[in-house]
Structures are given as C-alpha cells and as structure tokens.
Amino acid sequence: MPKTLTSLIGLLVAWLAMPAIVQATPPPQQPVRVGIAGLTHTHVHGILGRAKRGDIVIVGIAEPNRALAQRFTKEHGLSMDLVYPSLAEMLTKTKPEAVTAFGSIYEHLAVVQACAPRGIHVMVEKPLAVSLDHARQMAALAQQHHIHLLTNYETTWYGSNRRAYELVQNKALGDIRKLVAHDGHQGPQEIGVNQEFLTWLTDPVQNGGGALPDFGCYGADLMTWLMHGERPLSVTASALHIKPQIYPKVEDDVTILLTYPKAQGIIEASWNWPYARKDLEVYGQTGSVIALDRDHVRLRRSEQEAPQDLTVPPPPAPYDEPFTYLAAVVRGTAPEDELSSLATNMLVVEILDAARQSVKEGKTIYLNR
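These numbers come from a predicted model, not from an experiment.

Cut-off values and rules
- Residues numbered from 1 in each chain as written.
- Predicted model: local features only at pLDDT ≥ 70, side-chain atom pairs only at ≥ 80, totals over all residues.
- Heavy atoms only, no water.
- Pairing = 2+ DSSP bridges.
- Helix = DSSP H or I, 4+ residues; strand = E, 2+ residues; numbered from the N terminus.
- Phe/Tyr/Trp six-rings, centres within 6.5 Å; stacked < 30°, edge-to-face > 60°.
- Buried < 20%, exposed > 50% of the residue type's maximum accessible area, 1.4 Å probe, protein only.
- Lys NZ or Arg CZ within 6 Å of the ring centre and 35° of its normal.
- Arc of directions from axis to C-beta.
- Contact = heavy atoms within 4.5 Å.
- Polar contact = N/O pair within 3.5 Å; in protein donor to acceptor, adjacent residues only side chain to side chain.
- Axes fitted to C-alpha atoms, helices over the stretch in contact; angles between N-to-C directions.
- Parallel < 35°, antiparallel > 145°, perpendicular 65-115°, else oblique.
- Left-handed = near helix turned anticlockwise from the far one by under 90°.
- Nonpolar A, V, L, I, M, F, W, Y, C, P; charged D, E, K, R; others polar.

### Side note on the sheet that holds strand 3 (residues 83-84)
Piece 1. Read across the sheet, 6 strands follow the order 3-2-1-4-5-6 without closing on themselves; strand pairing throughout is parallel. Edge positions in the open sheet fall to strand 3 and strand 6 (149-152), since each of these has one partner strand only.

Laid out in structure tokens, this is it:
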C-alpha cells in the first residue's frame, strides 16, 4: 500500500474516533449565578471588578442607595439594570445560586434569613456576625436549609499563612507555644474609606464595635485554624479609645489574649498602626515562622540557625481567591476550607464576644468547655 494512502487511512480512522473522545470530555460548567446584597462594604469592589472572568455571573445587586449603586456600577462598567431596591425583590427576580453580603455586619443575619429558606448559599465578609446570638441564628438556618455559609477574610488567600500551617502540620516547629497576630491600619477615616462604609464601620450596633471586630477577627480566625478548632480556656482583652474625636462611639485599639492549655494567642488589632499590616507570628518548641505579608515568610528553626526569608507561591486554585472558591464550593468541585467554614467562624464570634465582655467588665472571661 502506498505510504500516502496509508497516512490518509490513518487520519480517517482518527477522525472517526473523535466523536467518542469529544463525548467523553465533560461539558464546561456554567458560571455560578451570584447576587450581591449591599454595596456599602467597599470590599465589594473585589467582586465587581472581576465579574467578567467567567466562573461567576452577577445576576443582581440589592442596594437601596441609588447614588451609591450608580457610582459603583459606572466605575466597573456594569448596568444599573442589575440593581434592585431590596434583597427580597432581587432574589425573586434573579434567582441567584449564591449571594455575597457587602453591607454592615449587623445585616448579615437578615441576608441569611432571606437566602437560606430559598436554598441560596451565602458568603459574608468578615466577621461572620456582630454577636454570638446572631451567629447562632445564622448557623441554625444554614443547617436547616442545607446551605453553605462562608466567611471571607483577605488573609485566607495568603500563601504565607498556608506555609505557616504546613510547617505546623508537619511538626517542623514542634508544638505551638505562642501565636501573635498584628492586623489593622492607621484608621478607616485616615485611609479615606468612603462615607457609606465609614458610617456603619464606626457604629457599635452595625459593626459590633470598632477595631475589635474589624481587625480582631483576623487573628481569631487564623489561631482557631492553627489550633485545629480548639476552644481557648479564657479570653482577656484590653481596649483603648485613643482618638475619641474621630471615633466617638467605638474603640480604636485592642489587645486580646487567648489562653490554651499549652499555648497563648495574642491578637493586636488597631486603627492606630503607622501603616497597614496583616502579619502573623507562630512560635513552636523548636522553631518559628513569621508570615510577613501575603507572599513572604521568615523561618527560623533553632537558636543557632540564622533566619531565612522566603518567597512563597500563592495557594493553589480555587483556594487563592474568594469568588473562584465560592464557585467551586457551590458547584461541589472543592470542599469548604476551614478558614471560611461555619464551625471555625462560630468560634471566632465566640472569642470576639468574650473579648467585648472582658473589656466591659475588666476581667478575664472563661469559655464553656
């Protein structure tokens, strides 16, 4: 048989086999239909600015402040046709699969109350709730209606924190003895947050306090994760009101001490840092790791060893970005991560509640075992 004919027959056979191959390839997943509840939390720019990536599609925005909605949709090239005056109307008319909450922390409960009975998954911005009472109501609804209830923290997506966790898991540092978290910035007014955000962020009802919930939650979340969900024995907190002329209603500086049977956690949350920071120190029996920022860690394994400054890769997808992660969890292609899970964040809110009580009463609060 001529070589050319043999080649043509081979191509024909391959072509005839192609339909079977195509049929074996799973069809691409449809983007997750996502609604947005509120625009007053400026972390909302994170989802508005990535709406065209394809894994999610924004089907509706619930925001009664028309001027704010016009400002933000124009900035991101979105249509005002997406905007509805109420959450109930948005849910009824657009039927999202998941909702992201970008209003005040107090409003998180109302979002879950509206979404859970409809079977709509919810992701809220940190912290989960303003109080343990709100958190318990939200958890009951999530469990009753079998929805995911996730909490988003910026630090969840840091490769540095993942590396610290790996070192702890692998016993590379020995058992944890001390955890120190520094979180915050110069203050929300000082860094120029918009007025709609500032109004509720500095309100003790709508935010549950000031710097304590705003930045104390980061350390509580990371420490609960690193301690494998262990409840602290006690919580002791001290708060300062350094700038009452700027923040008359809420504390702007707080230190929270968590006591475990064989470890301590120190959370330093402040609106008085000279610069923005979100760093974490982990000290074990035999070494330490400091997550300096999103991409860098400082590792030291012994007194004799010099510290090593390392650049670390971002976490693997979908654990590298909140909305890719949300889509994967809703589609069932990835499990929930402990940092954003309901179980972890119920304990975070319990710690924050105890810290508020400690500040108010001036004493250590012992948690129920």
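Picking up where we left off.
### Re the packing of aromatic side chains
Piece 1. Counting across every chain of the model gives 7 aromatic pairs.
Piece 2. Both rings, one in Tyr165 and one in Trp225, keep their centres 4.3 Å apart while their planes meet at 5°; by these two values the pair is stacked. A residue pair is termed long-range when its members are at least 10 positions apart, and Tyr165 in helix 7 (residues 159-169) and Trp225 in helix 9 (residues 211-226) qualify at 60 residues. A single burial state applies to Tyr165 and to Trp225, both of which are buried.
Piece 3. When the ring of Phe197 is compared with that of Trp200, the centres are 5.2 Å apart and the planes differ by 50°; the resulting orientation is tilted. Of this pair, Phe197 and Trp200 both sit in helix 8 (residues 195-201), separated by 3 residues, roughly a single helical turn. Each member of the pair, Phe197 as well as Trp200, carries the same accessibility label: buried.
Piece 4. Here the aromatic residues Tyr153, Phe215 and Tyr218 are joined through ring pairs into a cluster of three or more.
Piece 5. Looking at Lys126, its charged tip hangs above the ring of Phe215, at a distance of 5.4 Å from the centre.
Piece 6. The cationic tip of Arg277 hangs over the ring face of Trp273; the distance from NZ or CZ to the ring centre is 4.4 Å.

### What to know about helix 3 (residues 66-76)
Residues that lie three or four places apart on an α-helix share one face, since the helix turns once every 3.6 residues.
Piece 1. Every buried residue of helix 3 is listed here: Leu68, Ala69, Phe72 and Thr73. Summarising the axial view, the buried residues of helix 3 lie within an arc of 120°, below the 170-degree limit, and thus occupy one face. Of the residues in helix 3, the exposed ones pointing more than 90 degrees away from the buried face are Lys74 and Glu75.
Piece 2. If you follow the buried residues of helix 3, they end up packed against helix 2 (45-48), strand 2 (56-62), strand 3 and helix 8.
Piece 3. Where helix 3 begins, the capping side chain belongs to Asn65, and its oxygen is found 3.2 Å from the backbone nitrogen of Ala67.
Piece 4. With its phi angle positive at about 70°, Gly77 sits one or two positions after the end of helix 3.

### As for the sheet that holds strand 10 (residues 264-270)
Piece 1. Taking strand neighbours across the sheet as the criterion, the 9 strands line up as 14-13-12-11-7-10-9-8-15 in an open arrangement whose pairing is mixed. A strand with exactly one partner marks an edge of an open sheet, and here the two such strands are strand 14 (308-311) and strand 15 (365-366).
Piece 2. Pairing of strand 8 (residues 234-240) with strand 9 (residues 253-259), which is carried by 7 bridges, proceeds in the antiparallel orientation. Across the sheet, the residue bridging to Ser238 is Thr255, located in strand 9.
Piece 3. Here helix 11 (residues 342-361) sits on the sheet in contact with strand 8, strand 9 and strand 15, set at roughly 60° to strand 8.

### With respect to the packing of helix 9 against helix 11
Piece 1. One way to put it is that helix 9 packs onto helix 11 with a least axis distance of 9 Å and a crossing angle of 130°. For the element pair helix 9 / helix 11, the angle class is oblique. The handedness of the crossing between helix 9 and helix 11 comes out as right-handed. For the pair helix 9 and helix 11, contact is made by Leu212, Pro213, Gly216, Cys217, Ala220, Asp221 and Thr224 and by Thr344, Asn345, Leu347, Val348, Ile351, Leu352, Ala355, Arg356 and Val359, respectively.
Piece 2. Across the contact of helix 9 with helix 11, the residue classes break down as 10 nonpolar, 4 polar and 2 charged.

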